[in-house]
Structure formats: structure tokens, C-alpha cells
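Residue-level listing of the chains:
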Amino acid sequence: MTEAAAPAAPAGRARPAAMPGLPYFGGIVRMRKDPIAYLGEASRQGPVVRLGRLGRRSFYQVNDPDLVRSVMTAPRADVGMTRTSDVLGALFGESVFTMQDEAWRKRRDELQPAFRTSNLPELFDSAAGEIALTVARFEPIADARGSVDCSAAMLDLLQRMIVRMMFGVAVPETAEQLTRAFDYGLEYRQRRRWALAGLPRWFPTPANRMFDEGVARLNASIAEIIEDYRAKPPERAGLLKMLMECRDEETGAGWTDDELLAEVKTTFVAGWLTTTTAATWLFDLLGRHPEIAARVEAELDSLPSDRPLVYDDLHALEYVEDTILEAMRLFPPGWLLSRRVRRTFTLGGHRLRRNAVLLVSPYALHRDPAHWNEPDRFDPGRFRDSTHGEAHKAAFLPFGYGPRVCIGRGVAMMELKLVVATLLRRFRFTLTDTAPAKLQPVSFLRRAEPLVLAIAPR
Ligand code: HEM
């Protein structure tokens, strides 16, 4: 048993606060209906809160940033990932996202060079190659003072960007297949996520069969791309080439096709829907806050206007960066992180048994008035204002925290800056419906309804 660092924790075996609900099962079934409200309520009950039980697993929510840090940096023998056993494990295969222990460490070390900063300019050029199409589609609509479905445009743009960054070339048909398979896979996962007693994954229900067939089709189409890529590498290097160059440090051997397949699928999903969600919320917030959009425009106007953006321009975009971070504070795409206790673990003075599930809600932490001044206000300036209460790093975790922190955060920030900077240099966007947006917390924190923006040239 290990005692995690837990400042101001009561000693002994105090019981954590519990959410009201049925005896033994607690109130976690309520989470299915409105998880954001439920987790928000639970976040105010104490540093560690028992939510209840689903099947054989007890669920706890960790609300105190020091304890969040303890969970996210706990020794792997004590606290591990939950996703290996769930649908994502089946969808991705053995990838850096689903692996644990030494196998994960080795994979993460091998993968790291592909994501190093020196590769970003190359990836930038691929991503920038895709944005011209969005600009061309928007131009006539802006000239006619029309409106655009920004959610759909971001979904399409960021999918083209990740595919082009991955393969170095556009592969529209495969991208379409990837999209369909993942849409179904993620929806299927969502349906199973809170199921009290769903049939096991191996049971041949129509939904299980459809999922397995979808994964098989997806695997076959990516295997084909890898084969083509080997036979005739495209001119521009993409992440796939960088992954193909990954080597086992000891033996010098490259990856097998199965390993490449798993990482390609993981990068596609991890790098597409997350950035899409972030970009959509960002445009929603900019459409609601013209004064902040004007400050973004002012920063963009300091760049030379007679040429398209180049990678080095991004360094000057400090306010744009803060705006992106602030949008992810209010609407973190990864709204719920989970871990599993692997052997009895003491957290904040509470003894948690093996297989307990620990939930960390970036959404709740990012809006906790104990850590943020006026937490619901969209205020990009807060990140540069030292009088703000933004002191605790583990109270801000759009990209996670600790050793499993997002490996693609540099790529994500680069893409988001490129998208905002390119589009706001050309167009002005205004929200057509200013009613508060409804949230759809599925695998990512989506906007429930399409974001429609009025568009005009600048
Ligand atoms: C705005 C965009 C993004 C957000 C908000 C985001 C968020 C996150 C978060 C919260 C985690 C940690 C999950 C956990 O601890 O359970 C994570 C992990 C990960 N992300 Fe991202 N991500 C983004 C973009 C990307 C991109 C562009 C890529 C790749 C190109 C990527 C690849 C990954 C991978 C592979 C992991 C697993 C790392 C590991 O377990 O070692 N992400 N991401």
C-alpha cells in the first residue's frame, strides 16, 4: 500500500464525503442523465467524494488539485489507466493511449521524437495546405454576408489537417472511412460507458458485431495505406514517416505493421475530435465576445499582411495562445479523466480499494472559484495576470497532467493558432443565436447544436 502525498489530509481511514443516492450503489446512476451538473455538484462536496457503485466498481471524484496531482503522478503499480479494458482498447489496439507499465513507457519514449518541436514546421506546412480550401469556401459566403456552420467546417478542416499531417498527402476516401468507423466506435463506447450490466464485449449482439466489423474494415484500410506508403513514400514527410522511423532503443528494430496501425488510429482520433471540439468552442466564444475578437485581430494585424502565415509567425501570437487556452479552460474537450486503483491506495486520508475508479473532471476544476477568479468569465488576459488565482498547475489540465500528459499538445496548439489566425485575418464572425450553448459531454465535450456564425470579410 502506498500513501500518496495528501496535504492537510486527515489521518486514518476517514470515509470520504458521499453523493446522496441509494444505499450501497450511491448516486452515480444520476451521472448518466447530466454528467456535467452531477460532477459539478460532487466537486463541491469535498476533496475526495464517493459517487457510488456501478457493477463491482466504486467510483470516486477527486477535486483537490494536490490530490489530483497525486493521482496523476502516482506510481504505476498503484494507479493505472481504465481505458485498456474498455471499448477504446478494442478500437485502438495496443497503442500509447491504451498501454500501461513498461510497455507504455517504451512506446512513449519511441514516439516522443515524432512529436518534437523541430518537426512542427514540417507539420505546419501540411496543415496550412488544407486551410486554403476552407478560406475559398468561406469567401463567397462572406461576400454575400451569409452564415456558415462552423462546427461542420471545423470537423472537416481538422480532419483534413490531421490526415495530411499524418500521411503527408490528402487521402479523402480513407479519411471518410476513418471518420465513419470512429463515429460509430465512439458512440458505441458512450452507450456502454454508464451501462449498469451490459452484455460483455465478446457477446455477439448486433451492436458488438457491428463494432467488431467496423474495426476490422478500418484496420484493413489503414494497412493498405501503410503498404502503399512503403511502396511509394510521398514527397512530404508526415507523422507516419516519423513513426516509421521510430526505433527500439536497444535492438534498433523498427515497428511492426500492427504497432504502426495502432498508433495511426490513435493519432487520428486523439488529434482530430479534440482539436475540432476546441476550435468550435473557441469560435463560439469569439462570436460572443467581439471585444476579445478585436484584440485577437489587433495582434494578427501586427503580422505582415502581404503573404500567408509561416510557422515562425506563430511565436508572436501570445494573445491568440491565451485565447485558445482560455477557451479550453471553459470547455475542455477532455472533460473527464479516469484512473483505476491497482492496489490499495490512500488518498487524502481515505483508503481506496483495488479497482476503485478515480474520476478527475477538468471541467469542474477549471470552473472552481477556489482556483479561478470569476471562473465563468471568458478572460484570456487571466493567464498573464499574476494577481489572478491561477497558481495551481493541477487546477488547469486541458492536456492532462503528469507522465500521461497529451503527447500531441504542441501539434494541437500549432493547428489551433493556424486556424484562428488564418480565418480571423480574413473574416469577421458573429454569433447568430446568443442563447447559452448546450453541452454534449460524450467522449469529448461537444457543443450539442451546430454553431452557426454570420460571416463577413474584414
Ligand atoms: C485540443 C486538442 C487536444 C486536447 C484537448 C487533448 C487532450 C488530451 C488529454 C487530456 C490527454 C490525457 C488523457 C488522460 O490523462 O487520461 C491526452 C492524451 C493523449 N493525446 Fe491529446 N489532446 C489534444 C490533441 C492531441 C493531438 C493533436 C494528438 C496527436 C497528434 C494527441 C495525442 C494524444 C495521445 C497519443 C495521448 C495519450 C498519451 C499517453 O497516454 O501517453 N492529442 N490528450
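Just so it is clear, the structure is predicted and the values come from calculations on it, not from any experiment. (Residues numbered from 1 in each chain as written. Predicted model: local features only at pLDDT ≥ 70, side-chain atom pairs only at ≥ 80, totals over all residues.)

Asker: I keep staring at the overall build of the chain and nothing clicks. Help me out?
Answerer: Looking only at helices and strands, the chain has 14 helices and 14 strands in total. Sorting the 458 residues of the chain into buried and exposed places 42% on the buried side. Considering only intrachain contacts with a sequence separation of at least 6, the fraction spanning at least 24 residues in the chain is 75%. (Helix = DSSP H or I, 4+ residues; strand = E, 2+ residues; numbered from the N terminus. Buried ≥ 20, exposed ≤ 12 C-beta atoms within 10 Å, placed from the backbone. Contact = placed C-beta atoms within 7 Å.)

Asker: How should I be thinking about the sheet that holds strand β2 (residues 17-18) in this particular structure?
Answerer: In sheet architecture, strand pairing relies on hydrogen bonds along the backbone and comes in two forms, parallel and antiparallel. Pairing within the open sheet is mixed, and its six strands lie in the order β2-β3-β4-β10-β7-β5. Two strands close off the open sheet at either side, each with one partner strand: β2 and β5 (79-81). Two strands pair when backbone bridges link them, and strand β7 (residues 337-341) and strand β10 (residues 357-360) are joined in this way by four bridges, in the antiparallel orientation. Bridging from a neighbouring strand, R340 pairs with V357 of β10. (Pairing = 2+ DSSP bridges.)

Asker: Before we go on, may I ask you to explain the site of the ligand in this structure?
Answerer: In the vicinity of the ligand lie 22 residues, with G271, G334, G400, C406 and G408 positioned nearest. Ranked by residue count, the leading element in the shell around the ligand is helix α10 (residues 257-288), at seven residues. (Near = placed C-beta within 6 Å.)

Asker: In this structure, what is going on with the nonpolar core? I would like to understand it.
Answerer: Among soluble globular proteins, nonpolar side chains are generally buried collectively. Within the largest apolar cluster, 122 residues are counted, with the highest numbers of intra-cluster contacts made by Y60, V68, V71, M166, L282, L416 and V420. The biggest single contributor to this core is α10, with 16 residues. (Core = buried A, V, L, I, M, F, W, Y, C linked by C-beta atoms within 7 Å.)

Asker: How should I be thinking about the packing of helix α11 (residues 290-301) against helix α14 (residues 409-426) in this particular structure?
Answerer: Angle between the axes and distance between the axes are the two parameters that describe a pair of packed helices. Contact pair α11 / α14: the axes reach a minimum separation of 10 Å and the direction vectors enclose 95°. Judged by the angle between their axes, α11 and α14 are roughly perpendicular. Contact residues: α11 offers A293, V296, E297 and L300, while α14 offers V420, A421, L424 and R425. (Axes fitted to C-alpha atoms, helices over the stretch in contact; angles between N-to-C directions. Parallel < 35°, antiparallel > 145°, perpendicular 65-115°, else oblique.)

Asker: Please clarify how the confidence of the model for the chain should be interpreted in this entry.
Answerer: Detailed conclusions should not be drawn from predicted coordinates in areas where pLDDT is low. This prediction gives the chain a mean pLDDT of 87; 88% of its residues lie at or above 70. Here residues 1-12 is modelled with pLDDT under 50, and outside its nearest four sequence neighbours on either side it reaches 25 contacts, counting other chains as well. (pLDDT = per-residue confidence, 0-100.)

Asker: When you look at the sheet that holds strand β14 (residues 452-457) in this model, what are you seeing that I'm missing?
Answerer: Strand order in the open sheet formed by three strands is β6-β14-β11, and the pairing between neighbours is antiparallel. The two strands at the open ends of the sheet, each matched to only one other strand, are β6 (147-149) and β11 (427-431). Ignoring which end each strand starts from, the neighbouring axes of this sheet average 40° apart. Here β11 runs beside β14; their pairing, made up of five bridges, is antiparallel. Each residue of the ladder has a partner; that of F429, found in β14, is I455. Here α10 sits on the sheet in contact with β11 and β14, set at roughly 85° to β11.

Asker: Honestly, unusual backbone geometry in this entry has me stumped. Any pointers?
Answerer: What is expected of a backbone is that most residues other than glycine have negative phi and most peptide bonds are trans. Positioned with a positive phi, D101 is a non-glycine residue whose angle comes to about 55°. Turning to its location among the elements, D101 is positioned in helix α4 (residues 101-111). Even without glycine at this site, N355 takes up a positive phi of about 75°. Tracing the sequence through the fold places N355 in the loop between β9 (350-352) and β10.

Asker: Can you walk me through the environment of E249 in this structure?
Answerer: Structurally, E249 can be placed in the loop between α9 (239-244) and α10. Judged by the 9 C-beta atoms lying within 10 Å of it, E249 is exposed. Residues E249 and D109, spaced 140 residues apart in sequence, show a C-alpha to C-alpha distance of 9.0 Å.

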